[in-house]
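# Summary of the model geometry
Residues per chain are reported as follows:
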Amino acid sequence: MTLWYLARGSGLVLLAVLTVNLVMGIAIQGGWHPESWPRFAVQAVHRNLALLAVVLLTIHVVTIELDPFVPVGWWAALVPFVSPYRPFWLGLGTLSLDLMAAVVVTSLLRSHLRPRWWRVIHWLTYVSWPVAVLHSLGTGTDTKLTWVFGFELGCVGLVATTVIFRVARATRPRVAVRGVIMAAVAATPMAVLAWSAAGPLQSGWARQAGTPTTALASGAPASTGAGGQASLPAPFTARFVGSATSSAGGNGETITISGQVQGGVGGQLLVSLSASQLPDGTIAVDQGSVTYRPAPGSLVYTGRVVSVGPGSLIMRLAAGGGQSEPAELTISGPVPASSVSGLFYFGSAPAGGAGQDGGQDS
Ligand code: HEM
């Protein structure tokens, strides 16, 4: 579970660092630097942020590779589009890594290169960054969380604004051409929003994006049934033991319930709920995402909370392209709490009606 958090957290922090550094790079190119800072200091921060990005990218890739639940493979971290897990969207991350590597290596060897060569390769940053953004939106399981999507869209907005300022202050090309460029850049955040609404924010995206039905755990055999179809664990009821934390953000809070399923096929369960406080002080759950990872070698189920009752969350979970399964988590006692326990039903319609919603989810 720690690897999973680290993989996702490092990805998001990496995107933030790359965004800030790109904005800084565009500003430096435009001759901007704060009054009180000497030029070399701005350049030193720019260089050190790039090196921080390399460290974060290393953490991101290594944790993804070590996490036994996401079948990626070491080759896929270097060669784009060969991963069995979401090949295209993960491949964009790899492509971005390769482009970034070219930029960082040539910057470290800058004194040995012709300035023109160095500049041409440095322009690859303008390709590497949007490619990384598309990877983040298309691969990340957290894209559906409002704050994560808002953050990713915010990165696009920040870079678009900086580019518009830069183009507006430039003297070349002609005014008309610059006007067209600025209009196109200004439309980008809207285009990203529209595409996300039709793609990554839709249920069923995981299957469309190429999450394999045989989610192998570090080479362990997948549980497959007849005809190569992933087989589902038999319905079971198990004890759940874990913790429930709450963090404030935006106009509400995020409640994270994570812990162990002790019984059935076992495994780890992670539920993330976006909740808001109503005027009367009660908490209303707006949306919830679920990741259930049974024992290594089995399938990873993801999905959403379809309804919330007193002490109970009813969910639909699906592994890869498989059919969605009903599940329910009941928790006794108050939430949040450092220690919570309850029952986890999976794979059959428990009393309470999980299974009314027949749709599939990502
Ligand atoms: C500059 C390059 C990269 C950036 C900026 C980046 C950034 C991100 C971000 C922001 C996420 C979303 C995290 C979330 O939703 O919580 C993500 C997810 C992911 N990235 Fe990357 N990434 C990069 C390169 C790579 C590479 C080279 C790999 C290959 C190993 C990779 C593998 C993944 C995977 C498997 C996920 C999905 C994790 C999940 O299910 O949430 N990334 N990345």
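Reference entry: report on the structure contained in this document. The shown structure was predicted, so the numbers you read here are calculated from the model rather than taken from an experiment. (Residues numbered from 1 in each chain as written. Predicted model: local features only at pLDDT ≥ 70, side-chain atom pairs only at ≥ 80, totals over all residues.)

### Describing the overall build of the chain
Each helix and strand counted, the chain has eight helices and eight strands in total. With 362 residues in all, the chain has 33% of them scored as buried. Sequence separation of 24 or more characterises 57% of the internal contacts of the chain that already satisfy a separation of 6 or more. (Helix = DSSP H or I, 4+ residues; strand = E, 2+ residues; numbered from the N terminus. Buried ≥ 20, exposed ≤ 12 C-beta atoms within 10 Å, placed from the backbone. Contact = placed C-beta atoms within 7 Å.)

### Some points on the site of the ligand
Close to the ligand lie 30 residues; R8, G11, G93, G140 and D142 are nearest. The element best represented in the shell around the ligand is helix α1 (residues 2-29), accounting for seven residues. The residue makeup of the shell around the ligand, split by class, is 17 nonpolar, 11 polar and two charged. (Near = placed C-beta within 6 Å. Nonpolar A, V, L, I, M, F, W, Y, C, P; charged D, E, K, R; others polar.)

### Digging into the packing of α1 against helix α6 (residues 146-169)
It is at 9 Å that the axes of α1 and α6 come closest, and there the two elements cross at 10°. In terms of axis orientation, α1 runs roughly parallel to α6. Residue-level inspection shows L12, L15, T19, L22, V23, I26 and A27 of α1 in contact with α6, the latter providing V148, F151, E152, C155, L158, V159, T162, V163 and R166. (Axes fitted to C-alpha atoms, helices over the stretch in contact; angles between N-to-C directions. Parallel < 35°, antiparallel > 145°, perpendicular 65-115°, else oblique.)

### Examining the environment of Q268
Tracing the backbone shows Q268 in strand β3 (residues 268-277). Overall, the presence of 18 C-beta atoms within 10 Å leaves Q268 in the partly exposed class. In this structure the C-alpha to C-alpha distance between Q268 and V241, which are 27 residues apart in sequence, comes to 9.7 Å.

### Description of α1
Spanning 28 residues, α1 covers 40 Å between terminal C-alpha atoms, matching the ideal 40 Å at 1.5 Å per step. All of the buried residues in α1 are S10, G11, L14, L15, L18, T19, N21 and L22. Packing partners of the buried residues in α1 comprise α2 (39-66), α5 (125-139) and α6. Positioned one or two residues after α1, G31 has a phi angle of 85°, which is positive. (Expected span 1.5 Å × (residues − 1).)

### What about the packing of α6 against helix α7 (residues 175-198)?
Across the interface, α6 lies against α7 with an axial gap of 9 Å and an inter-helix angle of 175°. Between α6 and α7, the angle is such that the two are roughly antiparallel. Contacts from F149, L153, V156, G157, A160, V163, I164, V167 and A168 of α6 reach α7 at R178, I181, M182, V185, A186, T188, P189, V192, L193 and S196.

### Focus: the pairing of strand β6 (residues 312-318)
Across the seven residues that make up β6, a large majority, six, are buried. Summarising the sheet, strand β5 (residues 301-309) and β6 pair through seven bridges and their orientation is antiparallel. Paired with G303 across the strands is L317, a residue of β6. Here β5 hands over to β6 after two residues, with G311 in that stretch at a positive phi of 70°. (Pairing = 2+ DSSP bridges.)

### Digging into unusual backbone geometry
In this model, R172 is joined to P173 through a cis peptide bond whose omega is -10°. Note on placement: P173 falls in the loop between α6 and α7. Between V335 and the following residue, P336, the backbone shows a cis peptide bond with an omega angle of 0°. Along the chain, P336 falls in the loop between β7 (325-332) and β8 (337-346). The phi dihedral of F81 falls on the positive side, at around 65°, and the residue is not glycine. Within the fold, F81 resides in the loop between α2 and α3 (87-108).

### Observations regarding α2
The first and last C-alpha atoms of α2 sit 41 Å apart over 28 residues, in line with the 40 Å expected at 1.5 Å per residue. Elements that come into contact with the buried residues of α2 comprise α1 and α3.

### Some remarks on the environment of T143
Positionally, T143 belongs in the loop between α5 and α6. In contact with T143, other than residues within four places in its own chain, are L137, V148, F149, P200 and L201.

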